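This is what each chain is made of:
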Amino acid sequence: MSDRINVRNPNEISKLRKAGEVSARILMDLMPIIKPGITTKEIDDYAAELFKREGCGNAFLGYGGYPGQLCISVNEVVVHGIGDNRVIHDGDIVSLDAGAIVDGWYGDNAMTVAVGNVSEEALRLLAVTEEALFRGIEQARQGNPLSEVCGAIEDFVKPFGFGIVRDYVGHGVGRHLHEDPSIPNYRPNYPLPRLKRGMILAIEPMITLGTYRVKVLDDDWTAVTTDGSWAAHFEHTVAVGSHGGDILTDRPRIALPEQLGITL
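Please read these numbers as outputs of a predicted model, since none were measured by experiment.

A. Region of the structure containing the sheet that holds strand 3 (residues 77-79). Across the sheet, which stays open at both edges, the three strands sit in the order 3-12-11 with antiparallel pairing between neighbours. A strand with exactly one partner marks an edge of an open sheet, and here the two such strands are strand 3 and strand 11 (214-216). Each neighbouring strand pair of the sheet contributes to a mean axis angle of 40°, computed without reference to strand direction. Relative to strand 12 (residues 223-225), strand 3 runs antiparallel, the two sharing two bridges. Considered in strand 12, the bridge of valine 77 is made with valine 224.

B. The arrangement of the side chain of threonine 249 in detail. Tracing the backbone through its elements, the reader meets threonine 249 in the loop between strand 15 (246-247) and helix 5 (257-260). Residue classification places threonine 249 among the buried positions, given a relative accessible area of 0%. At 3.0 Å, the side chain of threonine 249 forms a polar contact with the backbone nitrogen of threonine 237. What threonine 249 contacts, discounting residues up to four positions off in sequence, is Gly20, Ala24, Asp108, Asn109, His236 and Thr237.

C. Representation of the pattern of salt bridges. As enumerated under the stated definition, the model contains 13 salt bridges in all. Notably, a salt bridge pairs aspartate 29 with arginine 53, separated by 2.5 Å at the nearest N-O pair. Of this pair, aspartate 29 sits in helix 1 (residues 10-30) while arginine 53 is found in helix 2 (residues 40-54), placing the two residues 24 residues apart along the sequence. Assessed through its relative accessible area of 24%, aspartate 29 is described here as partly exposed. One salt bridge in this structure joins arginine 187 and aspartate 155, with 3.2 Å as the shortest N-O distance. Within this pair, whereas arginine 187 is found in the loop between strand 8 (179-183) and strand 9 (200-203), its partner aspartate 155 is found in helix 4 (residues 146-157), the two being separated by 32 residues in sequence. Taken together, the salt bridges that share partners define one network made up of Arg25, Asp29, Arg53 and Glu54.

D. Here's a closer look at empty space enclosed by the protein. Counting across every chain of the model gives two cavities of 30 Å³ or more. By volume, the largest cavity amounts to about 40 Å³. The leading source of residues in the lining of the largest cavity is helix 3 (residues 120-138), at three residues. Considering only residue class, the lining of the largest cavity consists of six nonpolar, one polar and three charged. By volume, the second largest cavity is sized at about 30 Å³. In terms of lining, the second largest cavity is formed by Ile5, Asn6, Arg8, Gly172, Val173, Glu179, Asp180 and Ile200. Considered class by class, the residues forming the lining of the second largest cavity number three nonpolar, two polar and three charged.

E. Local environment of the packing of helix 3 against helix 4. Direction vectors running N to C along helix 3 and helix 4 enclose 150°, while the axes themselves pass 8 Å from each other. As judged from the angle between their axes, helix 3 and helix 4 are roughly antiparallel. The crossing of helix 3 and helix 4 is right-handed. Taken together, the residues of helix 4 that come into contact with helix 3 (itself represented by Val128, Glu131, Ala132, Arg135 and Gly136) are Val149, Ala152, Ile153, Phe156 and Val157. Of the residues assigned to the contact of helix 3 with helix 4, the class counts are seven nonpolar, one polar and two charged.

F. Region of interest: the layout of surface pockets. Of the pockets and cavities examined, the largest pocket occupies roughly 340 Å³. Lining the largest pocket are 21 residues; nearest its centre among them are His80, His171, Leu177, His178 and Glu204. At the level of elements, strand 7 (170-172) and strand 8 are the ones that each hand at least two residues to the lining of the largest pocket. Its residues assigned to classes, the lining of the largest pocket shows ten nonpolar, six polar and five charged. Estimates place the volume of the second largest pocket at around 160 Å³. Along the wall of the second largest pocket there are 13 residues; nearest its centre are Ile13, Arg197, Ala239, Val240 and Asp246.

Conventions and cut-offs
Per chain, residue numbering runs from 1 following the sequence as it is written. A pLDDT threshold of at least 70 governs which residues receive local features in this predicted model, and a stricter bar of 80 or more applies before side-chain atom pairs are shown or counted, although totals over entire chains, interfaces and linings include all residues. In computing side-chain values, all of the structure's heavy atoms are included and hydrogens and water are not. In this analysis, strands are considered paired if DSSP registers two or more bridges between them. A helix here means a DSSP run of H or I that spans at least four residues, while a strand means a run of E at least two residues long, and both kinds are numbered starting from the N terminus. Interaxial angle, 0 to 180 degrees, is taken between N-to-C directions of lines fitted to C-alpha atoms, where a helix line uses only the stretch in contact. Accessible area is worked out with a 1.4 Å probe on protein chains only. A residue is then buried under 20% of its type maximum, exposed over 50%, and partly exposed in between. Counted as a polar contact is a pair of N or O atoms within 3.5 Å, where, for protein atoms, one must be capable of donating a hydrogen and the other of accepting one, and residues adjacent in sequence contribute only when both atoms are in side chains. For this analysis, residues touch if any pair of their heavy atoms sits within 4.5 Å. One speaks of a salt bridge when a side-chain nitrogen belonging to Lys or Arg is within 4 Å of a carboxyl oxygen belonging to Asp or Glu. Points on a 1 Å grid, built from protein atoms alone, make a cavity when a 1.4 Å probe fits but cannot get out and make a pocket when they are open with protein on both sides within 12 Å along at least 5 of 7 lines; residues with an atom within 4 Å of a point are the lining residues. Grid points are joined across faces, edges and corners, and a volume is the space filled by probe spheres set on the points. Residues were grouped as follows: Ala, Val, Leu, Ile, Met, Phe, Trp, Tyr, Cys and Pro as nonpolar; Asp, Glu, Lys and Arg as charged; and all remaining residues, including Gly, as polar. When describing relative orientation, an angle under 35 degrees is termed roughly parallel and one over 145 degrees roughly antiparallel, while 65 to 115 degrees is termed roughly perpendicular and anything else oblique. If you view the pair so one helix is near and one far, a crossing is left-handed when the near helix is turned anticlockwise from the far one by less than a right angle, and right-handed when it is turned clockwise.

These figures capture arrangement, not role.
Take a look at the structure:
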């Protein structure tokens, strides 16, 4: 990890918030079309229309050769799922990860959507993953070691027996999609820097019903669990503040237990 983590001033944070607001709006506008019968390619095509409507750049399309408008990851796909002819079925869970570029600044966010009659086990996975994200955000405050963000996620998830993906982690974001620092979703056994007000973090727990181990398919992008267990993914871009993270990709929560009709 580099020793240089960017600290943004209020004017820069305002610009990042604009990018974050567009990123969040794209996710929320995608939600209504995530229904049984639609293909992931149709979701990707609709995302292209949304980016065009917003008049913004796309943080993912072409990044490192990535071919999609956004990441569409169904059930056992953890992250980087590419839109294709896969059909969404009743009972599936679909993770959507989108990033926008506005005036050269990046926003990045993700959420997992329940489609129709989803099992209670999968609904619990969604609720735990979204809540874990917010537990991490609470610790994104000035003076805290970054490890407290990581540890808050792990401490909340572990009692449920879910897998915490280790191969993919959160990151800084700003003028580039990926900046320092790397943000594991577990407390690492090496020191992490202390947080300063104005650091920008993309916190993104990826949690599974089974193993934490993943493998990448032959397309060199799609990452799936090695045991076929389902995965959930929630992400916000936040600015480190005095009392916790200031969410720059603010949008309504969608996986509160009471919304899903379950208890934790």
